[in-house]
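Residue strings, one per chain:
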Amino acid sequence: NETVAAGKLLYIDHVRIHNFYYGVDSTNNNSFFQTLNDVHIGYAGVCWDLNGTTAHNGGSAPTEFGEKMVFTDGSMFNSQMGVDIDQSGVGFFASGSSFDYLGTHGHIINGTAKFVNCHIETGYAAVGSGTQGNWGSVNRYLFLLEYEPRVSFTSCRFEIRDPGVY
């Protein structure tokens, strides 16, 4: 639970995060220019929370939030949702990372997301019971895109293993 002063870069390296509802919550004021390198997040409700709406944040939207959020050489796995992006200024950039067995790999509303050289695999998301907690039903979307999202995939590998809405 670290608060970073405005204008300071945040770089998190070689961390494993398991069994939290929010693996990483970056919805505070002055949360921008963050890099997660070799970070592996699993058994979560939401692996990386970048939802900056007022309804999601107790009635007030964070200021100076979400610009240049970088996820490199890590993984998000066995969770309800990979990344939750809801704010026009959010820029999420993933490279060389793996997104495996997630209920919804990304929920992107009016934000920007770019995936480069990523492995994106569907399958049964092992959440909702036991040590993973019970965080509601597992949606079966690869990516749920709403209200003018800007999303691109470059040199990504998709492995779609079971039926669902993609």
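Preceding block: the structure.
No experiment lies behind these values; they were computed from the predicted model shown.

**With respect to the pairing of strand β5 (residues 69-72)**
The alternating pattern of β5 places M69 and F71 and V70 and T72 on opposite faces, both of which are buried. Of the pairings in the sheet, the one linking strand β3 (residues 34-42) to β5 comprises four bridges and is parallel in character. Residue pairing in the sheet places T35 in a bridge with V70 of β5. The pairing of β5 with strand β7 (residues 91-95) spans four bridges and is classified as parallel. Counterpart to F71 in the pairing with β7 is A94.

**What about the side chain of D86?**
As for its position among the elements, D86 is in strand β6 (residues 75-86). Although D86 lies buried, it forms no salt bridge, and the closest oppositely charged side chain, R150, sits 9.5 Å away as judged by the N-O distance.

**Observations concerning the nonpolar core**
Core analysis: the largest hydrophobic core is formed by 26 residues, its most contacted members being W48, F71, F92, F99 and F115. Contributions of two or more residues to this core are made by β3, β4 (46-51), β5, β6, β7, β8 (98-109), β9 (112-116) and β11 (141-146). Among all residues touching F92, those that are not within four sequence positions of it are W48, L50, M69, F71, M76, V83, I85, F99, T112, A113, K114 and F115.

**What to know about a nonpolar patch on the surface**
A cluster of nonpolar side chains, contributed by F153, F158 and I160, occupies part of the molecular surface with about 270 Å² of accessible area. Considering the arrangement of structural elements, one finds F158 in strand β13 (residues 157-159).

**Brief notes about the pattern of salt bridges**
Counted by the stated rule, this structure contains two salt bridges. Residues D38 and R16 are paired through a salt bridge, measuring 3.9 Å at the closest nitrogen-oxygen approach. Taken as a pair, D38 in strand β3 and R16 in strand β1 (residues 10-18) lie far apart in primary sequence, 22 residues in all. A relative accessible area of 18% places D38 in the buried class. As a salt-bridge pair, E159 and R157 come within 2.7 Å of each other at their nearest N and O atoms.

Parameters and conventions
Residues numbered from 1 in each chain as written. Predicted model: local features only at pLDDT ≥ 70, side-chain atom pairs only at ≥ 80, totals over all residues. Heavy atoms only, no water. Buried < 20%, exposed > 50% of the residue type's maximum accessible area, 1.4 Å probe, protein only. Helix = DSSP H or I, 4+ residues; strand = E, 2+ residues; numbered from the N terminus. Pairing = 2+ DSSP bridges. Lys, Arg positive; Asp, Glu negative; His and termini not counted. Salt bridge = Lys/Arg side-chain N within 4 Å of Asp/Glu carboxyl O. Core = buried A, V, L, I, M, F, W, Y, C linked by side-chain atoms within 4.5 Å. Contact = heavy atoms within 4.5 Å. Patch = residues over 30% accessible without salt bridge, like charges linked within 9 Å, V, L, I, M, F, W, Y side chains within 5 Å. Areas by Shrake-Rupley, 256 points an atom, 1.4 Å probe, with all protein chains shown as cover.

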